[in-house]
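# Residue-level structure breakdown
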Amino acid sequence: MAGSGTAPLRDADDVLLRVEHLVCEHPAGRGRKVHAVSDVSFDIARRETLGLVGETGCGKSTTARAVLQLPRPTSGSVRYAGAELVGMPKPELRRIRPSMQIILQDPLSSLNPRRRIRDIVGAPLRAWRRPESQVEEKVEWALDAVGLDVAQVGDRRPHSFSGGQAQRICIARALVLEPQLLVCDEPVSALDVSVQAQVLNLLQDMKEQLGLTMLFISHDLAVISHVSDRVAVMYLGKLCEIGDAQSIYDSPAHPYTAALLDSVPEPDPDVPLHAPPMSSVLPSPIDPPAGCRFSTRCPMATEVCTASEPPMRQVAPGHHVACHFPLVPVPDPASLTTATPP
Amino acid sequence: MLRVEGITTHLTTGRGVVRAVEDASFELEAGRTLALVGESGSGKTVLTRSIMRLLPASSVVRADGHVVFGGVDLMTLPPAQLRHVWGDRIGLVSQNPMTALNPVVRVGRQLCEVIRKDGGVSARAARQRAIELLTQVEIPEPERRLGQYPHQLSGGLRQRVTIAIALAGRPDLLIADEPTTALDVTVQAQILSLLGRLQRDHGMAMIFVSHDLGVVAGLADEIAVMYAGRIVERASSHQLFHGARMRYSEALLAAAPRIGRATSRLTTIPGRPPDMLSPPRGCRFHPRCAHATERCRASEPELVLAGEGHRFACWHPAGDDSVEGHHDESVLDEPVLDEPVLDEPVLDEPVLDEAPRGG
Amino acid sequence: MTELLPAAVLEEPPPDELDGGPGDPRGAGDGFRPGWQFWTAAGWLAFLVVVTALADVLPLADPLRPDPRSAAAGPSTAHWLGTDPLGRDLLSRIVFGGRVSMLVAFFSVLIAASIGTLLGLVAGSAEGRIGSVIMGVLDIMLAFPALVLALALTAFLGASARDVVIAISFVAIPVFGRLARAQTLTFSKREFVVASHASGATATRTLVTEIVPNVLPPILAFALLFAAVAIAIEGGLSFLGLGVPPPDPSWGGIIAAGQAKLDQAPHVSLIPAGVMFLTVLALHTAGEGVRSHFDRLAGVRT
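Residues numbered from 1 in each chain as written. Chains lettered and ligands numbered in written order. Predicted model: local features only at pLDDT ≥ 70, side-chain atom pairs only at ≥ 80, totals over all residues.

### Focus: the overall build of chain B
If you tally the helices and strands in chain B, you get 12 helices and 12 strands. Within the span of chain B, comprising 359 residues, buried residues form 51% of the whole. By sequence separation, contacts in chain B at least 24 residues apart represent 64% of the contacts at least 6 residues apart. (Helix = DSSP H or I, 4+ residues; strand = E, 2+ residues; numbered from the N terminus. Buried ≥ 20, exposed ≤ 12 C-beta atoms within 10 Å, placed from the backbone. Contact = placed C-beta atoms within 7 Å.)

This is the structure:
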């Protein structure tokens, strides 16, 4: 299938994760397939945070899990620190896993209700047969790093903690193996606003302290804007736009990105309510529209849009968009620099 | 048109009595929107259920107060008359359209059932009205939708159907309880826009419950901020966003991540929403407040007036302290918290009379 | 609107506020705090176990020796609970019979639970067709009615306690198997299992450290309940003459023997029936207590 292209991929040495032509499909009964992710390519440099944003059904969570091979994608390439993960034999993949960890959306569901906190946080270390003394030491360090006292929380069970605290425990568990890549799948969506800020600050602190590289998934544009260096926008299994966070928020090139930004309610009573003009009929990932998948809802769609899928093109250094008629005009290729700034 | 006075609701749960709402009061006129804003445990949902007397009877330990709606106190009405009020005068849109809609009944039938509930409407007229309502809520191809089941519609469309049902009785008051929380942001924008338009067209009053200040900014004329069962600030939308006085409101506004605010670190509110089985003594927000003093721990502030229609309950409010004129009390005004208020969470022992313990 | 709205609203799960807020540590504690019903039940069961275990040492009359002078007699100083129609001491027969019932129940449940749970765990977690194959076998076993199987076994091997154990185990293995598999499947989808895989734990390790601790408590609770069923089944089989053969005592056998004299000497049937009833009830109560203890440990609010 004609993909959106790999134009945004960078050649730099410090790229930690490189995803090319990722496809995730699963059966939907009666011979049909859900095209959850259809040919997505992106990369993340070391110590960079890529924010993956999109609405329900866009495939962002599926992408996150596929990167970690949980489960393996249908096809495509995922290169982590140079090693190809897709097709890697299981034992070898297992050995790489400590380096790539994940934080999930529902913190209480991510913790085994029948185990104690110290056992939960220590489990990854025990899985790798680290000596007990080291396990205890690391558990204490990890819990302390997230602001919890192992003496007070160690012997308790997950249900006695609030959402925010449970998420901190999940973060502690993820950090205990000292990963290089941290995938966060909607880590604050289930939390109260006042607690969201705490957890987001914590993630930022951990990223700086430990030099983490992050893939941060959320449907909340405001949250994404706070944590991301670069942002990728997904719609119905495809990548619409990818680029530096500032560039995307200041001048979105894809109509969908613009609509998303437009839809975020401004906490200012003087700004009147408005909804971007878009059809409220949502297409299904089982039977996605032909050509550009956003064409059925795009206010600017033409025949060209339904006829063929737009390739990824550069509109500014470090900013690519897949649209036939982007809001930011595609400059003359001759005037573009080939190297994108880190 | 609606006057709520002194609503106090205590509920019993498996683990004790929860003082879900304490002494909540507000007024609402026709055509105006009041937003009830708060986080978990704030009591906002229980308050709306109390107003409508829709609480499960077995859980209610105490339900005081008056709800004067169109001149009649709903708290004194017998159940039969109350049902009339629910159907015709008050409409409810709740958070999850899948639980408000019967999954095994077609949309059209559910809508017509509501339209014909009081009798006197023929099937054909009901169908017409149903199509009319679906058009009003901007559902494309309304005739086709009548024959569909709820699961065949997207979340946004389902919520529109719920709104249509709520509007069927031509209510004077619409209560929307987190109607867009479960929806995508683009759909949310459309539903909010729709609600605003419907309200203007029908001249309804609206109570909009949300945890998201951004969502209510565009819709609400007045905002009531709730914390731990109490209304801690009540103001016009303008007054709140540009000059919140109560420290929790201020902190809530500051903590919400916003596009365009280029700070890398968010302002946080330390600790977490209180345990409603035994909320903190004195001002319920004091364990998490950077400006708390001994006075805040000792006694609960009353709602005081600050400007036209702006009420708040705080001993040390933001902005000028013109309300807190006299500092002649023997109580020291230095913060008496045991440790500096950090980003560390307060461990979840219910804060009773002790100082918050750091983690 | 009247029918639609209030019911719909009231059926919604109570908002978080009604639960007293998130993360309340009280009420969902870690201590073992069952009610008086559990302790009474546990007491009765402990008493029963001790008495039947020590049956040989206790000063009981010979359960096999008939006393023709006092057939079907009521309670007296010589025979505390009276005698059965053949003049054998009822108390002694009930105690020795109880030993049979307890042993049969214990071993049936032990065998069925172990094999069934193991099969269920494998069926629920293994990839490929193993799961379907195992479930197919279990379904076939499930189709056997215990009674018919017992009949066949007795005809083939001769009636004995061992055959009762085999029969009950056979029909119980698929029951435990289905339960274990369902629980395994449910928990395999939970995020903490994903997290375990993500940390690099092997599938076996994840199964043992994450899934098994969640599957065992319901199995354990069910095992106690099933023990009660096993006792009742044994009673029924012995009553029909398919279980422990006379003259060895068993609860079902004693009840059967007393059937003929029900109007003159009801105590012969009623007392062992009462004891059996109490035991079944005690097992049910204990099973409930175990289940609710583990649920409370895990924060499941009942």
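### Overview of the overall build of chain A
Broken down by element type, chain A carries 11 helices and 12 strands. Against the compact-globule benchmark of 20 Å for 342 residues, chain A has a radius of gyration of 21 Å, which places it among compact chains. Along the first, second and third principal axes, the C-alpha atoms of chain A reach 65 × 55 × 50 Å. Counting all 342 residues of chain A, 54% fall into the buried class. (Rg over C-alpha atoms; globule rule 2.2 N^0.38 Å.)

### A few points about the interface of chain A and chain B
The interface of chain A with chain B comprises 45 residues on the first partner and 46 residues on the second. Only α6 (163-175), α7 (193-210), α8 (221-227) and α10 (255-263) of chain A provide two or more residues apiece to the side of chain A that touches chain B. Here the side of chain A that touches chain B takes eight residues from α7(A), the largest share from any one element. Across the side of chain A that touches chain B, the residue classes tally to 24 nonpolar, 16 polar and five charged. (Nonpolar A, V, L, I, M, F, W, Y, C, P; charged D, E, K, R; others polar.)

### A closer look at the nonpolar core
Core analysis: the largest hydrophobic core is formed by 267 residues, its most contacted members being A:Val183, A:Leu215, B:Leu111, B:Val216, C:Ala227 and C:Ala230. With 16 residues, helix α8 (residues 203-239) of chain C is the largest single contributor of residues to this core. (Core = buried A, V, L, I, M, F, W, Y, C linked by C-beta atoms within 7 Å.)

### Here's the deal with the environment of C:Leu142
Inspection of the secondary structure assignment puts C:Leu142 in helix α4 (residues 130-142). Considered as a pair, C:Leu142 and C:Arg178 are 36 residues apart in the sequence and their alpha carbons are 9.9 Å apart.

### What about the confidence of the model for chain B?
All names here are of chain B. In the predicted model, chain B carries a mean pLDDT of 80, and 87% of its residues have values of at least 70. Across residues 322-359, where pLDDT falls below 50, the model places 67 contacts with residues more than four positions away in sequence or in other chains. This prediction of the complex comes with two scores: 0.81 for pTM and 0.83 for ipTM. (pLDDT = per-residue confidence, 0-100.)

### Side note on unusual backbone geometry
Negative phi values dominate among residues other than glycine, just as trans dominates among peptide bonds. Here the bond from A:Leu70 into A:Pro71 is cis, since omega is 10 degrees, no more than 30 degrees from zero. Phi is positive for B:Glu138, which is not a glycine, with a value near 65 degrees. For B:Glu178, which is not glycine, the phi dihedral falls at a positive 50 degrees. Relative to the elements of secondary structure, B:Glu178 occurs in the loop between β7 (173-177) and α8 (185-202). For B:Glu178, a count of 20 C-beta atoms within 10 Å translates into the label buried.

### Side note on helix α11 (residues 247-255) of chain B
Counting buried positions along α11(B) gives eight out of nine residues, so the element sits mostly inside the fold. All of the buried residues along α11(B) are B:Arg247, B:Tyr248, B:Ser249, B:Glu250, B:Ala251, B:Leu252, B:Leu253 and B:Ala255.

### Describing the sheet that holds strand β10 (residues 238-244) of chain A
Residues and elements named next belong to chain A. Read from one edge of the open sheet, eight strands run β6-β7-β8-β3-β9-β10-β12-β11, paired in mixed fashion. Looking at strand neighbours, the two that pair on one side only are β6 (100-103) and β11 (312-316), the edges of this open sheet. Looking at each pair of strands side by side, their axes are set apart by 20 degrees on average, direction ignored. Sitting on the sheet, helix α1 (residues 60-67) is in contact with β3 (49-53), β7 (181-185), β8 (213-218) and β9 (230-235), with an inclination near 150 degrees to β8. (Pairing = 2+ DSSP bridges. Axes fitted to C-alpha atoms, helices over the stretch in contact; angles between N-to-C directions.)

### Here we look at the packing of helix α2 (residues 36-53) of chain C against helix α10 (residues 267-297) of chain C
All names here are of chain C. Put simply, α2 and α10 touch, their axes get as near as 8 Å, and they point 130 degrees apart. The orientation of α2 with respect to α10, classified from their angle, is oblique. Along this stretch, α2 crosses α10, giving a crossing that reads as left-handed. Between α2, through Gln-37, Phe-38, Ala-41, Ala-42, Trp-44, Leu-45 and Leu-48, and α10, the contact on the second element is made entirely by Leu-278, Thr-279, Ala-282, Leu-283, Thr-285, Ala-286 and Gly-289. (Parallel < 35°, antiparallel > 145°, perpendicular 65-115°, else oblique. Left-handed = near helix turned anticlockwise from the far one by under 90°.)

### Examining the pairing of strand β2 (residues 16-28) of chain B
Residue and element names in this part refer to chain B. Two elements, strand β1 (residues 2-13) and β2, share eight bridges in a ladder whose sense is antiparallel. Along β2, the bridge assignment pairs Val-4 with Phe-26. Where β1 folds back on β2, the antiparallel hairpin that results is connected by two residues.

### Brief notes about the pairing of β7(B)
Regular strands place side chains that alternate from one sheet face to the opposite one. Residue and element names in this part refer to chain B. For β7, the tally of buried residues reaches five of five residues, placing the bulk of the element in the interior. Burial along β7 is two-sided: the residues Leu-173, Ile-175 and Asp-177 and Leu-174 and Ala-176 are all buried. Alignment of strand β6 (residues 90-93) against β7, held across four bridges, turns out to be parallel. Considered in β7, the bridge of Gly-91 is made with Leu-174. Here five bridges tie β7 to strand β8 (residues 205-210), and the two strands are oriented parallel to one another. Residue pairing for β8: Ala-176 is matched across the bridge by Phe-208. Note on the crossover from β7 through α8 to β8: the handedness is right-handed. (Right-handed = clockwise from strand over helix to strand, strands pointing away.)

### Thoughts on the packing of α2(C) against helix α3 (residues 90-125) of chain C
Each pair of packed helices can be described by the angle between their axes along with the distance between the axes. Residue and element names in this part refer to chain C. Direction vectors running N to C along α2 and α3 enclose 110 degrees, while the axes themselves pass 9 Å from each other. As summarised for this structure, α2 and α3 are arranged roughly perpendicular, according to the angle between their axes. In this structure, α2 crosses over α3, and the sense of that crossing is left-handed. Residue-level inspection shows Leu-48, Val-49, Val-51 and Thr-52 of α2 in contact with α3, the latter providing Val-95, Gly-98, Arg-99 and Met-102.

### Some words on the sheet that holds strand β4 (residues 60-69) of chain B
Residues and elements named next belong to chain B. Ordered by their spatial adjacency, four strands build an open sheet running β2-β1-β4-β5, and the pairing between neighbours is antiparallel. With partners counted over all chains shown, the strands left at the sheet margins are β2 and β5 (72-73), one partner each. As judged from the two bridges shared by β4 and β5, these two strands associate in the antiparallel manner. Across the sheet, residue Val-68 finds its bridge partner in β5, namely Asp-73. In the packing of helix α1 (residues 44-52) onto the sheet, the strands contacted are β1, β2 and β4, and the crossing angle to β1 comes to about 110 degrees.

### With respect to the environment of A:Ile217
Residues and elements named next belong to chain A. Tracing the chain through its elements places Ile-217 in strand β8. Its 27 C-beta neighbours within 10 Å are what place Ile-217 among the buried residues. It is 9.8 Å that separates the C-alpha atoms of Ile-217 and Leu-104, two residues lying 113 residues apart in sequence.

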